[in-house]
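Each chain, written out:
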Amino acid sequence: MALWPRSSRGQAIGALALTAVLALSGCGGGSGGGSTSATTGGDTAAGGAKLVHPGKLTTCTNIPYEPFQFKDKDGKIVGFDVDIVDLVAKKLGVQQEIVDIDFAVIKSGAAMATGKCDVAAAGMTITPERKQNITFSEPYFDATQALLAKKGTGAKSLEDVKAKGLKLGAQASTTGLDYVKKQGLDPTEYADSAKELLALQAGQADVIVQDLPVVLTWLKKPEIADKFEMIASLDTGEQYGIGLKKNADPVLLKTINDTITQAKSDGTYEKIFVKWFGKKPGELG
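Keep in mind the model is a prediction, meaning the values are calculated, not measured. (Residues numbered from 1 in each chain as written. Predicted model: local features only at pLDDT ≥ 70, side-chain atom pairs only at ≥ 80, totals over all residues. Heavy atoms only, no water.)

Looking now at the environment of Asp 100. Structurally, Asp 100 is set in strand β7 (residues 95-100). Sequence-wise, Asp 100 and Thr 61 are 39 residues apart; in three dimensions their C-alpha atoms are separated by 5.1 Å. A polar atom in the side chain of Asp 100 sits 3.0 Å from the backbone nitrogen of Ile 63. (Helix = DSSP H or I, 4+ residues; strand = E, 2+ residues; numbered from the N terminus. Polar contact = N/O pair within 3.5 Å; in protein donor to acceptor, adjacent residues only side chain to side chain.)

This part covers the pairing of strand β11 (residues 168-171). Side chains Leu 168 and Ala 170 of β11 all project onto a buried face; the interleaved residues Gly 169 and Gln 171 project onto the opposite face, where all are buried too. Bridge count for β11 against strand β13 (residues 207-211) is 3 bridges, and the pairing is parallel. Paired with Gly 169 across the strands is Ile 208, a residue of β13. The sheet contact formed by β11 and strand β12 (residues 188-190) spans 3 bridges and is parallel. Bridge pairing in β12 places Gln 171 opposite Tyr 190. For the handedness criterion, the β-α-β arrangement of β11, helix α7 (residues 175-182) and β12 is classed as right-handed. (Buried < 20%, exposed > 50% of the residue type's maximum accessible area, 1.4 Å probe, protein only. Pairing = 2+ DSSP bridges. Right-handed = clockwise from strand over helix to strand, strands pointing away.)

Here we take up the state of the cysteines. This model, assessed by the stated rule, comprises 1 disulfide. The disulfide that involves Cys 60 links it to Cys 117, with 2.4 Å between the sulfurs. Torsion about the S-S bond of the Cys 60 and Cys 117 cystine: about -110°, corresponding to left-handed handedness. Of the two residues, Cys 60 is situated in strand β4 (residues 56-61) and Cys 117 in the loop between α4 (110-113) and β8 (119-120); the sequence distance between them amounts to 57 residues. (Disulfide = S-S within 2.5 Å.)

If you want it as structure tokens, here you go:
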């Protein structure tokens, strides 16, 4: 989220992080009814990794962001990111527990800094600004952006969107938002991807910018594909990383990186990729 991964950061990050730290105890809830305590732990898992809660690898994310993380028909949180972090949890000999909170709290680093979670896996793009407050794993996903528009706009690019005076929407606190702003556009911001899509469907926006895999997932649904189309992909050169607190536990960080490396080398990563995207890595377009 994008996301990257998906943000107007700079000087505002410090203030946002402080605000989030003060308010964090009231944010979110776990997928398994886990604790929402913001106190840091010291419990260790296999190999000596320090965890916030014993027997759990607590993951902060922002839902919905299909296919990276979302609730299935039974209410269970599933997705590409969930499966990747499950590999880490298995290596640590613990269970993953997911906490759903606002993305701004995640990308500011406050969620990890206050012990709300051990890691963040939220389609989060690695950026220099975010590195000021977050330790990132090695990249686990190559990302890019796309434009989804109602059919018949005649637009094929951001330049067309601007020239035609089309209403553009973007998800708040994302690199997609940052990208279009840098291109001279002033999009309406929506709190999450679901609200962004709803705005497009309601005619509040003519075009929206969102991570390519999310757009492709939306277009698999007939009610979306009948009325909307992807008009352009934007090669932004982004990569997603799993986030940890600044100066993270080196054992936990190494475990995550080793798990990603092993999954890519033994075919597990490709299997998970095909499961959620229907194509092999490098074939999304």
